[in-house]
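Structural description and commentary
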Amino acid sequence: MKTHARVVVIGGGVVGVSTLYHLALKGWTDAVLLERAELTAGSTWHAAGLLPLFNMSYTVGQLHKYSVDLYKRLPAETGQDVSFHVTGNLRLATCRDGMDDLQGGHCPNDDASRSVAGDAQIGPGDCNNGGRSWQAPENHRMPVEGVIGMKEAKEYLLTPVGHVRSLLKKRKNAPRQGYLGAPDACVEIAAEFKKCVEGIASGDEIVLITWLHEARRSVKKVHPGADEKNPLMGVFATRSPDRPNPVGLHRVKVLQIEGLRLKVGPLEAIDGTPVVDIKPVLEKKCDS
Ligand SMILES: Cc1cc2nc3c(=O)[nH]c(=O)nc-3n(C[C@H](O)[C@H](O)[C@H](O)COP(=O)(O)OP(=O)(O)OC[C@H]3O[C@@H](n4cnc5c(N)ncnc54)[C@H](O)[C@@H]3O)c2cc1C
């Protein structure tokens, strides 16, 4: 057994092992850690392991930010899985004072916090029932971000009400509009929205509002019709699917209804496209 070391770290909790790890990173080789029981036997064993980026203290916020970055790179650095899961987190304020507290909190790096943790804050206006829960929609996580209720939100949450089931599997094979040779397709409505479908009948014309999930949201200008001979135009002057909020509008005819499956056509949206809303066409000249 060693009787002498340059550094002796006492206690193998997260603080002790982290101290030893960072000493080793800095090249300190003559260092040992003494643990009286087993590693993480102390409060580290009990910890939930949460690393919120939102903190009431700037300094603690910086520590957490360092930890988030460290846990992300540890598997590559050590070859060991550290079970680090990036999730969202929802903060509730039930009164104005509570909201002020949230807004006064420190986020070490606002952008990092949003993209890493998807933090959300809900104000009193959103808590009519004294609380609120948030779940990421299955397969299509569109995070709530920013401060909602007390000032304009930066982002809003869309929940798919159904999905397109189509023979069109790839975006590159999809015609740009339904009337350009698109096939008939099905819209599978999620069970929780069953009541919303009541009143739609076979033969109706409806507008499907979709979320074009494969679109590139950073695109600001395009050649209309994807034809380079056409001069570049701002996406708002075009029907391009690539745009900041890739909402698709599809005027289709309801061909058949079987329970929660609406057969519609023609539809250019590809298989798996989330449907976020359905509205009736009000008059024949109404644009879709
Ligand atoms: C229920 C619970 C939930 C928590 N959740 C979170 C969370 O979500 N996020 C978060 O950031 N923090 C959380 N914490 C706090 C966090 O767990 C502690 O701040 C952290 O684990 C402290 O680590 P530590 O290394 O200082 O102490 P410990 O983990 O307690 O480690 C001390 C170690 O020293 C050993 N030791 C003691 N005396 C000696 C000795 N004389 N010689 C040798 N070894 C000795 C002990 O056996 C132990 O292994 C939580 C704590 C608890 C209890």
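From a predicted model like this one, the values you see are computed outputs, not experimental measurements. (Residues numbered from 1 in each chain as written. Predicted model: local features only at pLDDT ≥ 70, side-chain atom pairs only at ≥ 80, totals over all residues.)

1. Here's the deal with the overall build of the protein chain
Stated precisely, the cut-off is as follows: Secondary structure elements follow DSSP: runs of H or I of four or more residues count as helices, runs of E of two or more count as strands, with numbering from the N terminus. With C-beta atoms placed from the backbone, the exposure class of a residue follows from how many other C-beta atoms lie within 10 Å of its own: 20 or more, buried; 12 or fewer, exposed; in between, partly exposed. Throughout, a pair of residues is in contact if the C-beta atoms placed from their backbones lie within 7 Å.
Summing up its helical and strand segments, the protein chain has 6 helices and 13 strands in all. In the protein chain, which comprises 288 residues, the share counted as buried stands at 18%. When contacts within the protein chain are restricted to residue pairs at least 6 apart in sequence, those whose partners lie at least 24 apart make up 68%.

2. Comments concerning the site of the ligand
Threshold: We call a residue near a molecule or strand when the C-beta position, derived from backbone atoms, sits within 6 Å of it. Each residue gets one label: Ala, Val, Leu, Ile, Met, Phe, Trp, Tyr, Cys and Pro are nonpolar, Asp, Glu, Lys and Arg are charged, and the others, such as Gly, are polar.
Of all residues adjacent to the ligand, which total 20 residues, the nearest are Gly 11, Gly 13, Gly 42, Thr 44 and Ala 47. Where the shell around the ligand is concerned, the elements lending two or more residues are helix H1 (14–25) and helix H2 (43–46). Considered class by class, the residues forming the shell around the ligand number 9 nonpolar, 9 polar and 2 charged.

3. A word on helix H3 (residues 58–78)
Because an α-helix completes one turn every 3.6 residues, residues spaced three or four positions apart along the sequence face the same direction. The cut-off we apply is this: Multiply 1.5 Å by the residue count of a helix minus one, and that product is the helix's expected span. Two axes enter the bend calculation: one fitted to the seven residues ending at the residue in question, the other to the seven starting there, and the bend is the angle between them.
The first and last C-alpha atoms of H3 sit 29 Å apart over 21 residues, in line with the 30 Å expected at 1.5 Å per residue. Where H3 bends most, at Lys 72, the angle is about 35°, and the proline Pro 75 comes one to four residues later. Listing the buried residues of H3 in full gives Gly 61, His 64 and Val 68. Gly 79, located one to two residues past H3, shows a positive phi value of around 75°.

4. So, the nonpolar core
What counts is decided by this rule: We define the nonpolar core as any set of buried residues of the types Ala, Val, Leu, Ile, Met, Phe, Trp, Tyr and Cys, connected via C-beta atoms lying within 7 Å of each other.
Formed by 17 residues in total, the largest nonpolar core has its most connected members in Val 164, Val 187, Val 264 and Leu 267. Going through the elements one at a time, strand E7 (185–189), strand E12 (261–265) and strand E13 (274–280) are the ones with two or more residues in this core. Of all the elements, E7 adds the most residues to this core, at 4 residues. Sequence-distant contacts of Val 264, defined by excluding residues within four places in its chain, comprise Asp 184, Ala 185, Val 187, Val 252, Lys 253, Val 254 and Leu 255.

5. Some thoughts on the confidence of the model for the protein chain
We count it as follows: What pLDDT conveys is the predictor's confidence in a given residue, as a value from 0 to 100.
Predicted confidence across the protein chain gives a mean pLDDT of 80, with 79% of residues reaching 70 or more. Taken together, the stretch residues 109–151 has pLDDT below 50 and engages in 89 contacts with residues farther than four places along the chain or on a different chain.

6. Remarks on the pairing of strand E11 (residues 247–258)
For clarity, the threshold we go by: When DSSP finds two or more bridges between two strands, those strands count as paired.
Relative to E11, strand E8 (residues 205–211) runs antiparallel, the two being bridged by 7 bridges. Within E11, the residue paired with Glu 205 across the bridge is Lys 253. Inspection of the sheet shows E11 paired to E12 by 5 bridges, in the antiparallel sense. The residue of E12 that forms the bridge with Ile 257 is Leu 262. Counting the residues between successive antiparallel strands, the hairpin from E11 to E12 contains 2 residues, one of them, Gly 259, with a positive phi of roughly 60°.

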